[in-house]
Amino acid sequence: MTTHSSSMTRPLNILLVPDSYKGSLSSIEVARALAEGIRRADPNAHLTAIPMADGGEGTVDALVAAANGERRQLEVTGPEHRPVTAVYGQLPDGAVIEMAAAAGLPLTTQPNPETTTTYGVGELIDHLGAQNLIIGAGGSATNDLGCGAAAACGAIFYDNAGQTFVPTGATLENIASIDVSQLRRPAEITVMTDIDNPLLGDNGAARIFAPQKGADPAMVQRLESGAAHAATIIARDLGVDVTTVAGAGAAGGFAAGMYAFFAAQLRPGIDAVLDAVGFDELATHADLILTGEGQLDGQSLAGKVPVGVARRTDKPVIAVVGSVGEGAATSYDYGITAVFGITPKPQSLEAAFAETAENLAATAENILRTWLAAGLTRR
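Residues numbered from 1 in each chain as written. Predicted model: local features only at pLDDT ≥ 70, side-chain atom pairs only at ≥ 80, totals over all residues. Heavy atoms only, no water.

Asker: Can you break down the overall build of the protein residue by residue, with the values?
Answerer: Along the protein, the regular secondary structure elements total 13 helices and 16 strands. A compact globule built from 379 residues should have a C-alpha radius of gyration of about 21 Å, and the protein, at 22 Å, falls within 12% of that. Its C-alpha atoms put the protein at 75 × 40 × 35 Å along the principal axes. Looking at the protein as a whole, 54% of its 379 residues qualify as buried. Of the contacts made within the protein by residues no fewer than 6 positions apart, 72% connect residues no fewer than 24 positions apart. (Helix = DSSP H or I, 4+ residues; strand = E, 2+ residues; numbered from the N terminus. Rg over C-alpha atoms; globule rule 2.2 N^0.38 Å. Buried < 20%, exposed > 50% of the residue type's maximum accessible area, 1.4 Å probe, protein only. Contact = heavy atoms within 4.5 Å.)

Listed below in structure tokens is the structure:
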């Protein structure tokens, strides 16, 4: 997504780092709309787009687009133990997986976190071999602490009778011992998660997320008990206490399993994406950075994409957002230079969604026209 100047003067270098506008446009579509508006104001501007993702649906597409990767697919075991075709992204320096592509809630016909498995995610991990992996942990149908994924990569789980099995949420309590001597591990795994929920407790995987996956109160309690038991065995046999790890409760404890079995790093999604595409180096050459998302307000501001971008650079960062909510001005304290809402007139939500791309392009054009008129051409 670039334009080239025909003059001898270096073109303006603009970096586009948008999140999606939920319910309206993907981050890739947002970047395209911003680029269209910028080109209307300055056809010679050099544009680099880094579509963002948070670990859920769209993570593979965003990283493939940002890193010039390739979409590929593999038949694996789905959450209900039937074959599914999972898409992943092959990047120049590794690969990216959405765990929901192999164990996601939309792949279930009768959601049940006691019986669903992450085994297919492990098949993806194993297939990709000894390279660096990024795994988006959003949208899971499971509560097996990633034990299914570990089993697919060679971890062996024994019950009290000495029999091997692949644990699910309902059978975590049957784990008597774990053997990881034959576990096949990638070079490095980064798990993208934008929650800090622990594995256990009132804010843990079972109590907060299992009801969204079909669990009634009795099942939630069984899942909590099974996860607590599995965590005890993991601590004893692997020497890793997953109960103290922030974010371990993500994706039904999948993050906990990745941390315990594969020594995965649990990181905010935006940082994982920015690292993967070499944002810090790209930012050093940028004159201006445009970012944005559907709504910017004071709630959970530190986890927002615009703030994540701004705190990584000293370059001007302008947030272009669908709506400006209460408290959005506090984003200036995090390094945001300015915030622009894209809605040009009072309109219904349906109309705003329908005109998002047009409004984005118009706002980007006006921002750049103002920038150029002020003589802020290069930094």
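Asker: Tell me about the sheet that holds strand S4 (residues 83-91), and name the residues and values.
Answerer: Spatially, S3-S4-S5-S6-S10-S11 is the arrangement adopted by the six strands of the open sheet, whose pairing is mixed. Edge strands, defined here as strands with exactly one partner in the open sheet, are strand S3 (70-77) and strand S11 (265-267). The sheet shows a mean angle of 25 degrees between the axes of neighbouring strands, direction not considered. Strand direction decides the pairing type here: S4 and strand S5 (residues 94-98), joined by four bridges, are antiparallel. Within S5, the position partnered with Tyr88 by the bridge is Ile97. In this fold helix H4 (residues 119-128) packs onto S3, S4, S5, strand S6 (132-136) and strand S10 (188-192), with an angle of close to 130 degrees to the strand it touches most, S3. (Pairing = 2+ DSSP bridges. Axes fitted to C-alpha atoms, helices over the stretch in contact; angles between N-to-C directions.)

Asker: Lay out the pattern of salt bridges with the relevant residues and their values.
Answerer: Tallied over the full model, the rule gives 18 salt bridges. For Arg40, the salt bridge identified is with Glu365, shortest N-O distance 2.8 Å. A residue pair is termed long-range when its members are at least 10 positions apart, and Arg40 in helix H1 (residues 27-41) and Glu365 in helix H13 (residues 356-373) qualify at 325 residues. Its relative accessible area of 39% is what places Arg40 among the partly exposed residues. Asp271 is the partner of Arg311 in a salt bridge, and the nearest nitrogen-oxygen pair spans 3.0 Å. Taken together, the residues Arg311 in the loop between helix H11 (305-310) and strand S14 (317-321) and Asp271 in helix H9 (residues 269-276) connect sequence positions 40 residues apart. Given the relative accessible area of 45%, Arg311 is considered partly exposed. Asp271 sits in the buried class, given a relative accessible area of 7%. (Salt bridge = Lys/Arg side-chain N within 4 Å of Asp/Glu carboxyl O.)

Asker: Give a detailed account of the confidence of the model for the protein, specifying residues and quantitative values.
Answerer: Close inspection of predicted coordinates is inappropriate for parts of the model with low pLDDT. Within the protein, residue pLDDT values average 91, and 96% of them lie at 70 or more. Predicted confidence is poor over residues 1-8, with pLDDT under 50, and the contacts of this stretch with residues over four places away or in other chains come to 22 contacts. (pLDDT = per-residue confidence, 0-100.)

Asker: Kindly report on H4, identifying the contributing residues and their values.
Answerer: All of the buried residues along H4 are Gly120, Val121, Gly122, Leu124, Ile125 and Leu128. Residue Gly129 follows H4 closely and has a positive phi angle near 70 degrees.

Asker: Could you give an account of the sheet that holds strand S9 (residues 177-179), with specific residues and numbers?
Answerer: Reading across from one edge, S8-S7-S9 is the order of the three strands in this open sheet, with antiparallel pairing throughout. Strands with a single pairing partner mark the edges of an open sheet, and in this sheet they are strand S8 (164-165) and S9. Of the strand pairs in this sheet, strand S7 (residues 156-158) and S8 are connected by two bridges, and their pairing is antiparallel. Opposite Tyr158, over in S8, you have Thr164 as the bridge partner.

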